[in-house]
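One letter stands for each residue in the lines below.
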Amino acid sequence: MRKSIEMAIRACGSARWAFKVSEWRPSMEELMLACSCIQEEEKQRLAKFVFREDFNSSLMGRLMMRKFIADATAVPYDAIILGRDEKGKPFWSNPSGSDRRVDFNVSHQGDYCVLAGCVSQERATTTKIGVDIMKMEYTGGKPLSEFFRLMTRNFSPSEWACIKSRKSNEAQLGTFMRHWCLKESYVKNIGVGITVDLQKISFLPATLELSEECVTVDTKVFLDGNYDAKWKFEESLIDSQHCVAVSLLDTPTNYVPLPFERISFEQLMDGAKALLEIDEIYCHNIQRKEYKS
């Protein structure tokens, strides 16, 4: 299976992976294997999570990043070093010697952890990528109209018009989450977080309904009221409850949008090599963490 995934990345220069974390209840053996395949500082950072879901999601994100780099570049799995930039975004910190440059981003929310990755040839313009996933549910307790009122300043008038044009509360909530997902994918791409004025980042969807079967690529972004054609956005449903958005800046001429591929733990670990010794005490402590649900 590893060869088929690697060949797909090398052929199209992209990866879109989804791992259903809510269904992953690892055995002690699986946990020890996974925790041996991340860097020591990552391991210590993950141990700070209170709830098990958060630990599992973040662990999967680190493993997905490492596998993507290894499969996309043929650099040995255990030779890859992941760092964080000044804004906390993970990146590949030792790419020297590879003729390929990569960018990638992960997101986890609801039931899934997702990765979007792209590969650029050396001396070519590096495509920048961001991804976000949202579970399309509202659990705030207030009426939806009151929730929307509190969120007014985060969306432009045209975005609110699009959201409120939907006839049912469910459709309005889905359109709200879709716009929020787009904004998150954009700000994660440029590395600024949601501290920016989100009203100045306005999306105009041409296709109102998203699908699990195909990728929507006709949404436009307006920055300070001006359409910016350098940006492309891929949107789709992972399932009926989760929407996902990928933002791409400076796509190559051979760019082809990809649907997300569901991957298993076995696929994710195929080809992995341990960076650390097995730490049974650490993993026993992780196993004691409680699940929220």
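In case you missed it, the structure is sitting above this.
First, a word on scope: everything that follows refers to the structure included in this document. (Residues numbered from 1 in each chain as written. Predicted model: local features only at pLDDT ≥ 70, side-chain atom pairs only at ≥ 80, totals over all residues. Heavy atoms only, no water.)

## A few points about the pairing of strand β6 (residues 128–135)
At step 1: Among the eight residues that make up β6, seven are buried, leaving the element largely enclosed by the rest of the structure.
At step 2: Relative to strand β11 (residues 242–249), β6 is paired through eight bridges, and the arrangement is antiparallel. The residue bridging D132 from the neighbouring strand is A245, located in β11. (Buried < 20%, exposed > 50% of the residue type's maximum accessible area, 1.4 Å probe, protein only. Helix = DSSP H or I, 4+ residues; strand = E, 2+ residues; numbered from the N terminus. Pairing = 2+ DSSP bridges.)

## Focus: the environment of A15
At step 1: For A15, the location among the structural elements is in strand β1 (residues 14–20).
At step 2: A relative accessible area of 2% means that A15 is categorised as buried.
At step 3: Sequence separation of A15 and F260 is 245 residues, and the distance between their C-alpha atoms is 8.0 Å.

## A few points about the sheet that holds strand β9 (residues 226–227)
The strands that make up a sheet pair up through hydrogen bonds in the backbone, lying either parallel or antiparallel.
At step 1: Taken in spatial order, the three strands make up an open sheet running β7-β8-β9, and their pairing is antiparallel. Every interior strand has two partners, whereas the edge strands, β7 (201–204) and β9, have only one.
At step 2: In this structure, strand β8 (residues 220–223) lies alongside β9, joined through two bridges in antiparallel fashion. Across the sheet, residue F222 finds its bridge partner in β9, namely Y227.
At step 3: Docked against the sheet, helix α7 (residues 169–190) engages β7 and β8, running at close to 130° with respect to β7. (Contact = heavy atoms within 4.5 Å. Axes fitted to C-alpha atoms, helices over the stretch in contact; angles between N-to-C directions.)

## Notes on the packing of helix α2 (residues 28–36) against helix α4 (residues 52–73)
A pair of packed helices can be characterised by two numbers: the angle between their axes and the separation between those axes.
At step 1: Two numbers describe how α2 lies on α4: the axes approach to 10 Å, and their chain directions differ by 50°. By the angle between their directions, the pair α2 and α4 is classed as oblique. Crossing geometry of α2 relative to α4 is assigned as left-handed. Contact residues: L31, A34 and C35 in α2; R52, F55, L59 and L63 in α4.
At step 2: A breakdown of the residues in the contact of α2 with α4 according to their chemical character gives six nonpolar, no polar and one charged. (Parallel < 35°, antiparallel > 145°, perpendicular 65-115°, else oblique. Left-handed = near helix turned anticlockwise from the far one by under 90°. Nonpolar A, V, L, I, M, F, W, Y, C, P; charged D, E, K, R; others polar.)

## Some thoughts on empty space enclosed by the protein
At step 1: Taken as a whole, this structure holds one cavity of 30 Å³ or more when the rule is applied.
At step 2: Of the voids in this model, the largest cavity is the one considered here, and its volume is about 40 Å³.
At step 3: Lining the largest cavity we find M32, C35, S36, K43, E277, I278, D279, Y282 and C283.
At step 4: Listing elements by their share of the lining of the largest cavity, those giving two or more residues are α2 and α9 (280–287).
At step 5: If you tally residues by element for the lining of the largest cavity, the top one is α2, at three residues. (1 Å grid on protein atoms, 1.4 Å probe; cavity = no way out; pocket = protein on both sides within 12 Å on 5 of 7 lines; lining within 4 Å. Points joined across faces, edges and corners; volume = space filled by probe spheres on them.)

## Looking at the nonpolar core
At step 1: By size, the foremost hydrophobic cluster in this structure holds 41 residues, and its most contacted members are L59, M60, L63 and F68.
At step 2: Elements represented by at least two residues in this core include exactly β1, α2, α4, β4 (100–109), β5 (112–121), α8 (265–269) and α9.
At step 3: At ten residues, α4 tops the list of elements feeding residues into this core. (Core = buried A, V, L, I, M, F, W, Y, C linked by side-chain atoms within 4.5 Å.)

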